[in-house]
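# Understanding the architecture of this molecule
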There are 2 protein chains.
Amino acid sequence: MLSRRQLYILQAIVDDYVQTAEPVGSRSISKREDVDFSAATIRNEMADLEEMGFLMKPHSSSGRIPSHKGYRLYVDQLLNVTENNHLGLITSVQQLFDSRVSEVEAVMRKTAAVLSEMTNYVSVVLGPAMSNTKLKQLQIIPLSTTQAVAILVTDSGHVENRTFDIPRNMSISDLEKFVNILNEQLTDSPIKQWEALMSNEIERLLRQHVDHYEKIHQDLSAAFKPKVNEQIFYNGMLNLLAQPEFKDVEKIRQMLEWLEDKKEVYSLLNAMNSKGLTVKIGEENRFELFDDISMITATYAIDGDTVGSIGLIGPTRMQYERAIQIITQMADGLSTSLTRLYRHDA
Amino acid sequence: MLSRRQLYILQAIVDDYVQTAEPVGSRSISKREDVDFSAATIRNEMADLEEMGFLMKPHSSSGRIPSHKGYRLYVDQLLNVTENNHLGLITSVQQLFDSRVSEVEAVMRKTAAVLSEMTNYVSVVLGPAMSNTKLKQLQIIPLSTTQAVAILVTDSGHVENRTFDIPRNMSISDLEKFVNILNEQLTDSPIKQWEALMSNEIERLLRQHVDHYEKIHQDLSAAFKPKVNEQIFYNGMLNLLAQPEFKDVEKIRQMLEWLEDKKEVYSLLNAMNSKGLTVKIGEENRFELFDDISMITATYAIDGDTVGSIGLIGPTRMQYERAIQIITQMADGLSTSLTRLYRHDA
DNA sequence: TGTTAGCACTCGAATATCTTGAGTGCTAAA
DNA sequence: TTTAGCACTCAAGATATTCGAGTGCTAACA
């Protein structure tokens, strides 16, 4: 068990190091006003803390820096986020969500932008899982005799569209029938049930009433599968470059490459879903390459159901307290905002 | 006027430097098989070329590197692109455009991806200016009593949509009238005429037949203005990081920052429109910050009308010949592909 | 007159050497 | 248990040294 003094010293070191990115020496701590023990004492405590694995030395005669374990302790026990809600933050976040935006995508983008701007870290926003979304209407608008565009509108106001070739041997009336059947069968049923419906009932009806339906059916069902990488928004990747831990170009390249592959980020963020606030520190992250990267995630909800998550990516040497406060409030704001947006019947 | 030998030397230096990124010395050139004059002679010629401003020395006892003026000469006179069409390129580009893609956006993305992959430079693709596009259909689909989504389909198959609040005091029948008027008036008229039509005829009709039209009219007309930054696609920004001229983090940051501001890139690329192939070298570019950046642009056309441009951004130390070949062919392929895509009546 | 061999000179880059100072660990005394 | 004191460590910065690729110039040559 750590003594009160040891905790204090650990905290001091983390706070210092987060700010300066320089190893923290015993003397600099002993100079603090509220410290009435000497540098030598601190050195002894530091040695103990190091032995326990909370601190490290970059080299034998340098000051200490926190280890991952040290950050972990700091985050888990030394932070009390709830108390410390400076008003400044609240209001500015509130303002963002009060300015009624009616497009989900716009809200997402804005969230990512504000998150990264306020923290100077990279922000990731995962769009809401639309598994409960229902089809509002499917329309097919012919562009010519050979092509048409299919438009799908969900009750959340999301619009998806796809241009496709009209099969040569398909008549206009067949096309109409096709659309009618899909509309009748799918309207108001949630997206997640589509696949089942498609392969049973609908397939049967189509076979019965529409000639040459296979090709078009195939084209469109593929097209309307929700696309993962359109659901993920970044912001502030350039902020990384300002951090001293990224003075090395190769590291930046790796990091940006990793971010570019949205699938990876998606699955990582998605795994965090339904877990509320999460702080991953350094190698705790799946991607061992990024030893000195931390990631904070939070989830947001619509009407109380968790539907997505947002995240902040920065150096392990992160301003956890501030970042956690901000991400929490953003998640709350996002929840409120989206809930309002989706409650058309209000 | 430069002698044949001087031209040869300049070319040799550019070719060498492009490959190695190291200053080129007289001896390394004299070792070439097809050179039968000595290093000393080359040194003399080099001194002359330097005096004329085609070459530079990073420091007084180093080899020479090409100046912007040198590159310019190289590009304008020493390159004959047309002859040298290795088949490898042609077929792989053709393949890309042969795989029938029916979404304009998909074609653009793919073009950007292939461009950057083949060249290892940053690619920019500016979507086709749709000034001649015509409205196919405007639809409004109510989501609830308070909200609706407006969907606009152009004859090119482009779909634009916007969620908006239905004004409280507007009835369903008014909403229908509103849509009908817009459809009647705008269908088949090109986008560039809308603004005029809107403010004259349509405004008049609306005032006459629809109550409370102002708010909604205003919401939607703003929403359907084409958005610049959705029209521009990048790819391969990470390629920059591999270039030795970008070993400095600050430089990368500036560059990426510049690219992130799509408006700038857009206007630069747009200005190149209707000029065919363009090569900007170093400080010839508007942005003097990027002294050692070159940019190659080419335009593409639909049915012979230039509608957009594509570009490659790389170090001045660029493989101009190869890059020009590739971008030219991509532009051609894009033109063919888009022309086919837009010719629904074929 | 153009070309070339030869040679002294230049200067960046790599390597080694020195200096400094912040920081430590340990010991012995309070 | 705490602290003053002191020897010791080591990265980082400053300085010096070496090395070699490359130049410019001169004088001889074809």
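Residues numbered from 1 in each chain as written. Chains lettered and ligands numbered in written order. Predicted model: local features only at pLDDT ≥ 70, side-chain atom pairs only at ≥ 80, totals over all residues. Heavy atoms only, no water.

## A word on the pairing of strand β4 (residues 135–142) of chain A
All names here are of chain A.
- With seven bridges joining them, β4 and strand β5 (residues 147–154) adopt antiparallel strand pairing. Looking at β5, one finds that Q137 is bridged to V153.
- Counted between consecutive antiparallel strands, the loop separating β4 from β5 contains four residues. (Pairing = 2+ DSSP bridges. Helix = DSSP H or I, 4+ residues; strand = E, 2+ residues; numbered from the N terminus.)

## As for the protein's contact with DNA strand D
- Taken together, 20 residues lie around DNA strand D, and T41(A), S60(A), S61(A), S26(B) and R64(B) are the ones closest in.
- Among the atoms of DNA strand D close to the protein, meaning within 4 Å, 81% are from sugar or phosphate groups.
- Between a phosphate oxygen of DNA strand D and a side-chain N or O atom of T41(A), the distance comes to 2.5 Å.
- A distance of 2.7 Å separates a base oxygen of DNA strand D from a polar atom in the side chain of S61(A).
- Secondary structure elements with two or more residues in the surface near DNA strand D: α3 (39–51) of chain A together with α3 (39–51) of chain B.
- Looking at the surface near DNA strand D, the element that brings in the most residues is α3(A), giving four residues.
- For the surface near DNA strand D, the class distribution of residues is three nonpolar, 11 polar and six charged. (Near = heavy atom within 4 Å. Polar contact = N/O pair within 3.5 Å; in protein donor to acceptor, adjacent residues only side chain to side chain. Nonpolar A, V, L, I, M, F, W, Y, C, P; charged D, E, K, R; others polar.)

## So, the side chain of Q243(B)
Residues and elements named next belong to chain B.
- Structurally, the position occupied by Q243 is in the loop between α10 (237–242) and α11 (249–260).
- For Q243, a relative accessible area of 13% gives the class buried.
- Only 3.2 Å separates the side chain of Q243 from the side chain of R317, close enough to count as a polar contact.
- Dropping the residues within four chain positions of it, Q243 is found in contact with N120, Y121, P315 and R317. (Buried < 20%, exposed > 50% of the residue type's maximum accessible area, 1.4 Å probe, protein only. Contact = heavy atoms within 4.5 Å.)

## Re the pattern of salt bridges
- Summed over all chains, the structure comprises 22 salt bridges over all chains.
- K251(B) is the salt-bridge partner of D292(B), the closest N and O atoms lying 2.8 Å from each other. Within this pair, whereas D292(B) is found in the loop between β8 (278–281) and β9 (293–302), its partner K251(B) is found in helix α11, the two being separated by 41 residues in sequence.
- The structure contains a network of salt bridges with shared partners spanning E250(A), R253(A) and E257(A). (Salt bridge = Lys/Arg side-chain N within 4 Å of Asp/Glu carboxyl O.)

## Observations regarding the protein's contact with DNA strand C
- Taken together, 20 residues are adjacent to DNA strand C, and S26(A), R5(B), T41(B), S60(B) and S61(B) come closest.
- Counting only the atoms of DNA strand C within 4 Å of the protein, the fraction contributed by sugar and phosphate is 79%.
- One of the side-chain nitrogen or oxygen atoms of R43(A) is found 3.2 Å away from a base nitrogen of DNA strand C.
- In this structure, a base oxygen belonging to DNA strand C sits 3.2 Å away from a side-chain N or O atom of R43(B).
- Breaking the surface near DNA strand C down by element, the ones donating at least two residues are α3 of chain A together with α3 of chain B.
- Ranked by residue count, the leading element in the surface near DNA strand C is α3(B), at four residues.
- Within the surface near DNA strand C, the residues separate by chemical class into three nonpolar, 11 polar and six charged.

## Thoughts on the relation of the copies chain A and chain B
- Superposition record for chain A on chain B: RMSD 0.1 Å, screw rotation 180°, translation along axis 0.0 Å. In symmetry terms, the pair is related by a two-fold rotation axis. Of every C-alpha in chain A, the one belonging to V249(A) sits nearest the axis of rotation, 3.2 Å from it.
- Mapped onto chain B, 97% of the interface residues of chain A again fall at the interface, so both copies present the same surface. (Least-squares fit on C-alpha atoms with pLDDT ≥ 70 in both.)

## Brief notes about the interface of chain A and chain B
- Each side of the interface is counted separately: chain A has 37 residues, and chain B has 37 residues.
- Buried surface at the junction of chain A and chain B, summed over both partners, amounts to about 3200 Å²; 59% is from carbon and sulfur atoms.
- By residue number, the principal contributor to the side of chain A that touches chain B is helix α11 (residues 249–260) of chain A, which donates six residues.
- For the side of chain A that touches chain B, the per-class residue count stands at 15 nonpolar, 12 polar and 10 charged. (Buried area = accessible area lost by both parts, 1.4 Å probe.)

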